[in-house]
Amino acid sequence: MKKIICLLVIALFLCSTCYAATGADYLNGVGNKLWRGVVNTFTGWIEFPAQIYKGYERGFNGNENNKIGGAFVGIFTGIGHTAGRTLSGLGDVAGFWAADPANNDGVGIPLDAEYAWEEGTVYNMFDPNFGEGALNPMGNKLGRGIGDSLGGFLEFPGQIVKGIKLGAPDLGIVKGLWYWYSRQVDGAFDIAGFFLPNPKDTKALPFDEKWPWSALGDSMKKETK
């Protein structure tokens, strides 16, 4: 598995210098993702005391006269943020070489800040209600994870077809394998932590399409026209 990943990274870098994504873009994304992963993995525990402190400072539900209630809620927020930040950090480290979804908009409960020691912005899971503020984002994250895990293999034929049409079958093969493995890694961590907070943004180069079957589906539609 490690040898396959290394070969994919090398092949992707070589191909990317000649095609759409530059080698510099890829290396920059890999570096940023790995750095954030390492930091979050080893500092996730800071979220526990930080969230208790933040809860005390802000008060219960924004009521500064009820700081004890805010600190109590912060205990549970701290547990969730600690687990979410640590798991997302492990995912970034394990898949630093992998492509990412374009963004996490509406997918998962966002962490307060990029790093555990930052103040950040509080996310209210009850705004406008628990369904829209919490259940929908968690459901979107679980759905994305299942889609990537079960359908990731479709990236291989889809990217090959795209590569052939662009006159770059070699890039299609490399991207197909890279996207396939990337979908498996991303999907596994989305499923494992669908109920936990995650970073607001992604760091690596994004997939070309939102879903793993989109490239193949779009190509088939064009063929039938």
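Bear in mind the structure is a predicted one, so any value in this text is a computation, not a measurement.

Student: So, the pattern of salt bridges: which residues are in play, and what are the values?
Tutor: Applying the stated criterion across every chain, the model contains 13 salt bridges. With its nearest N and O atoms 2.8 Å apart, the salt bridge here joins Glu155 to Arg183. In this pair, Glu155 sits in helix H6 (residues 155–165) while Arg183 sits in helix H7 (residues 169–192), placing the two residues 28 residues apart along the sequence. Assessed through its relative accessible area of 1%, Arg183 is described here as buried.

Student: So, the environment of Phe207: which residues are in play, and what are the values?
Tutor: By the secondary structure assignment, Phe207 is in the loop between H7 and helix H8 (214–224). Phe207 sits in the buried class, given a relative accessible area of 6%. Once residues lying within four places of it in the same chain are set aside, the contact partners of Phe207 are Ala99, Asp100, Pro101, Glu155, Tyr179, Ser182, Arg183 and Asp186.

Student: Give me the lowdown on H6, citing residues and values where you can.
Tutor: Owing to its 3.6 residues per turn, the α-helix aligns residues three or four sequence positions apart on the same side. Among the residues of H6, Glu155, Gly158, Gln159 and Gly163 are the ones counted as buried. Here the buried residues of H6 occupy an arc of 135 degrees about the axis, which is enough to place them on one side. Looking one or two residues beyond H6, the residue adopting positive phi is Gly167, at roughly 75 degrees.

Student: For the environment of Asp112, give the residues involved together with the corresponding values.
Tutor: Tracing the backbone through its elements, the reader meets Asp112 in the loop between helix H4 (67–94) and helix H5 (130–151). With a relative accessible area of 5%, Asp112 lands in the buried category. Leaving out residues up to four positions away in the same chain, Asp112 has contacts with Gln51, Lys54, Arg58, His81, Glu119, Gly120, Thr121, Val122, Tyr123 and Lys200.

Student: Tell me about the nonpolar core, and please be specific about residues and values.
Tutor: Across soluble globular proteins, you tend to see nonpolar side chains buried next to one another. Listed in full, the 10 residues of the largest apolar core are Tyr26, Val30, Trp97, Ala98, Ala99, Trp178, Tyr179, Val185, Leu205 and Phe207. Listed by contribution, the elements that provide at least two residues to this core are helix H2 (23–43) and H7. Looking at this core element by element, the count peaks at three residues for H7. With residues up to four places along the chain from it excluded, the contact list for Val30 reads Phe96 and Trp97.

Student: Now, about the packing of aromatic side chains: what can you tell me, with residues and values included?
Tutor: Taken as a whole and judged by the stated rule, the model has 10 aromatic pairs. Note on Tyr115 and Trp117: the rings are 5.3 Å apart at their centroids and 5 degrees apart in plane angle, and the pair reads as stacked. When the centroid spacing of 6.1 Å and the interplanar angle of 40 degrees are considered together, the rings of Phe156 and Trp180 count as tilted. Taken together, the residues Phe156 in helix H6 and Trp180 in helix H7 connect sequence positions 24 residues apart. Chaining the aromatic ring pairs together yields one cluster made of Tyr26, Trp178, Tyr179 and Phe207. A cation over an aromatic ring shows up here: Lys67 above the ring of Tyr56, its NZ or CZ 5.3 Å from the ring centre. Over the face of the ring belonging to Phe207 we find Arg183, whose NZ or CZ atom lies 3.8 Å from the ring centre.

What counts and how
- Residues numbered from 1 in each chain as written.
- Predicted model: local features only at pLDDT ≥ 70, side-chain atom pairs only at ≥ 80, totals over all residues.
- Heavy atoms only, no water.
- Salt bridge = Lys/Arg side-chain N within 4 Å of Asp/Glu carboxyl O.
- Helix = DSSP H or I, 4+ residues; strand = E, 2+ residues; numbered from the N terminus.
- Buried < 20%, exposed > 50% of the residue type's maximum accessible area, 1.4 Å probe, protein only.
- Contact = heavy atoms within 4.5 Å.
- Arc of directions from axis to C-beta.
- Core = buried A, V, L, I, M, F, W, Y, C linked by side-chain atoms within 4.5 Å.
- Phe/Tyr/Trp six-rings, centres within 6.5 Å; stacked < 30°, edge-to-face > 60°.
- Lys NZ or Arg CZ within 6 Å of the ring centre and 35° of its normal.

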